[in-house]
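Structural overview for review
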Amino acid sequence: MSAAESVRLANAIRRTIVDESRRANVGHIGSALSIADLIAVIFHDRIRLDGGGDRDRLILSKGHAALALYAALHDRGRLEPGAIETYCANGSLLGVHPEIGLEGIDFATGSLGQGLPVAVGAALAAKRQKSDRKVYVVMSDAELNEGSVWEAVMFAGHHKLDNLVVLIDLNGQQALDFTADVIDLGDVASKLASFGWSADDVPGHDHAALNAALDADTGDRPRAIVAHTTFGHGVSFMESEIKWHYLPLDDSAYAAAVRELEAAGEVP
Ligand SMILES: [Mg+2]
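Notes on the structure follow. Numbering of residues starts from 1 in every chain and runs along the sequence as written. Owing to the predicted nature of the model, reporting of local features is limited to residues with pLDDT of at least 70; listing and counting of side-chain atom pairs is limited to 80 or more, with chain, interface and lining totals taken over all residues. Heavy atoms from the whole structure form the basis of all side-chain values; hydrogens and water molecules are not counted.

Another point: the coordination of the magnesium ion. Asp 141 (OD), Asn 171 (OD1) and Gln 173 (O) make up the full set of protein donors to the magnesium ion, lying at 2.2 Å. Along the chain, the residues donating to the magnesium ion are arranged with the sequence spacing D-x29-N-x1-Q. Of this pair, Asp 141 sits in the loop between β2 (135-140) and α6 (147-158) while Gln 173 is found in strand β4 (residues 173-174), placing the two residues 32 residues apart along the sequence. Note on accessibility: Asp 141 and Gln 173 belong to one class, buried. Here a donor is any nitrogen, oxygen or sulfur atom (N, O, S) within 2.8 Å of the metal, with 3.2 Å used for Na, K and Ca; water is not among the atoms considered, so some sites may look incomplete. The helix and strand labels rest on DSSP assignments: H or I over at least four residues marks a helix, E over at least two residues marks a strand, and numbering proceeds from the N terminus. For every residue, the accessible area (1.4 Å probe, protein chains only) is compared with the maximum for its type, and the residue is labelled buried under 20%, exposed over 50%, or partly exposed between those bounds.

See below:
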């Protein structure tokens, strides 16, 4: 597939996020938009979804952005027809956070700081089983506040888990404030490197830059992409606005968001 297809997928993910969050009248829109490009790059031509036990794994540690993942699974034909429209409906497996039982969900997340520790275990298991499957993790920057994350970082460096690929959504925001004002994260890439990781700072909405970083040789080190993103990317009135962590869209905001996404979508 082409680079244009990767961008098309990201635009499709953004449109599904806006449409289905409006339909369900739920928030977490800005958090999902923040990772649309990261998810698109993974799903464009990287993650191996087939292959039984040897297929790649993906853990969305920032589970509140599940709609971005559902949107990619929908685009790739991995959901039942019409399933995306059941987002947050009674009885649907497409909950506001990912749940086991839905194809494409490898771990139920939402309790922050747990995705990377589980992924580290999955990566170690793959090594021991001599499988070449990779384990992808998409996590938030504020999850770096959690001690469990740093235990996992230390463990992965020690065990040289070069089959582990972590994309950190460094949007500088968390639920109710900016990360610099809650707990300043400092130089994340340097901290990870000090634990034996390959860690690169990358513009998080630039598919070419993301792909270049993902293709770089890490030797035998686990890989981290410190993706500098904008919360709410693609919908200008949401960008870098704390309130859009929780707010749902009303009719006029929905219409404005759709106008912007449609205008952007005309450019491949
Ligand atoms: Mg954040």
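What follows picks up the thread again.
Between N-to-C directions, angles span 0 to 180 degrees; the directions come from axes that are lines fitted to C-alpha atoms, helices contributing only their stretch in contact. Where helix α5 (residues 115-128) contacts α6, the axes come no closer than 8 Å and their chain directions differ by 20°. Accordingly, the angle class assigned to the pair α5 and α6 is roughly parallel. For the crossing formed where α5 meets α6, the hand is left-handed. In this structure, α5 uses Leu 116, Pro 117, Val 120 and Leu 124 to contact α6, whose residues at the interface are Ser 148, Val 149, Ala 152, Val 153, Phe 155 and Ala 156. For the contact of α5 with α6, the class distribution of residues is 9 nonpolar, 1 polar and no charged. Orientation labels follow simple angle bins: below 35 degrees gives roughly parallel, above 145 gives roughly antiparallel, 65 to 115 gives roughly perpendicular, and whatever is left gives oblique. Two helices cross in a left-handed way if the nearer one is turned anticlockwise from the farther one by less than a right angle. They cross in a right-handed way if the turn is clockwise. Here, residues are in contact when the closest pair of their heavy atoms is within 4.5 Å. In this classification, Asp, Glu, Lys and Arg are treated as charged, Ala, Val, Leu, Ile, Met, Phe, Trp, Tyr, Cys and Pro as nonpolar, and every other residue, Gly included, as polar.

Each α-helix turn comprises 3.6 residues. Residues three or four places apart therefore point the same way. Looking at helix α9 (residues 207-215), one finds that the buried residues are His 207, Leu 210, Asn 211, Ala 213 and Leu 214. Down the axis of α9, the smallest arc covering the buried residues is 165°, so these residues share one side. Set apart from the buried face of α9 by more than 90 degrees, the exposed residues are Ala 208 and Asp 215. If you follow the buried residues of α9, they end up packed against α1 (3-24), α3 (36-45), β3 (164-170), β6 (198-203) and β7 (223-228). N or O atoms within 3.5 Å of each other form a polar contact, as long as, within protein, one can give a hydrogen and the other can take it, and as long as residues adjacent in sequence are counted only when both atoms are side-chain atoms. N-capping of α9 is provided by Asp 206, with a side-chain oxygen placed 3.1 Å from the backbone N of Ala 208. Arc, as used here, means the arc of the directions from the helix axis to the C-beta atoms.

The next subject is the sheet that holds β6. By definition, two strands form a pair when at least two bridges between them are found by DSSP. Spatial ordering of the open sheet is given by β1-β2-β3-β7-β6, a layout of 5 strands whose pairing is parallel. Two strands in the sheet have a free side with no partner beyond their single neighbour: β1 (57-60) and β6. When the angles between neighbouring strand axes are averaged without regard to direction, this sheet yields 15°. Where β3 lies against β7, 6 bridges are found, and the strand directions are parallel. Across the sheet, the residue bridging to Leu 170 is His 228, located in β7.

Judged by nonpolar contacts, the single largest core of 55 residues is most densely connected at Ile 13, Phe 43 and Tyr 70. A per-element tally of this core places helix α4 (residues 66-75) first, with 8 residues. If we ignore the near neighbours within four places in the chain, the residues touching Tyr 70 are Leu 79, Ile 84, Tyr 87, Leu 93, Leu 94, Gly 95, His 97, Pro 98, Leu 102 and Ile 105. Judged by nonpolar contacts, the second largest core, of 27 residues, contains Ala 123, Leu 124, Val 188 and Ala 224. Definition of nonpolar core: a set of buried residues of the types Ala, Val, Leu, Ile, Met, Phe, Trp, Tyr and Cys, connected through side-chain atoms within 4.5 Å.

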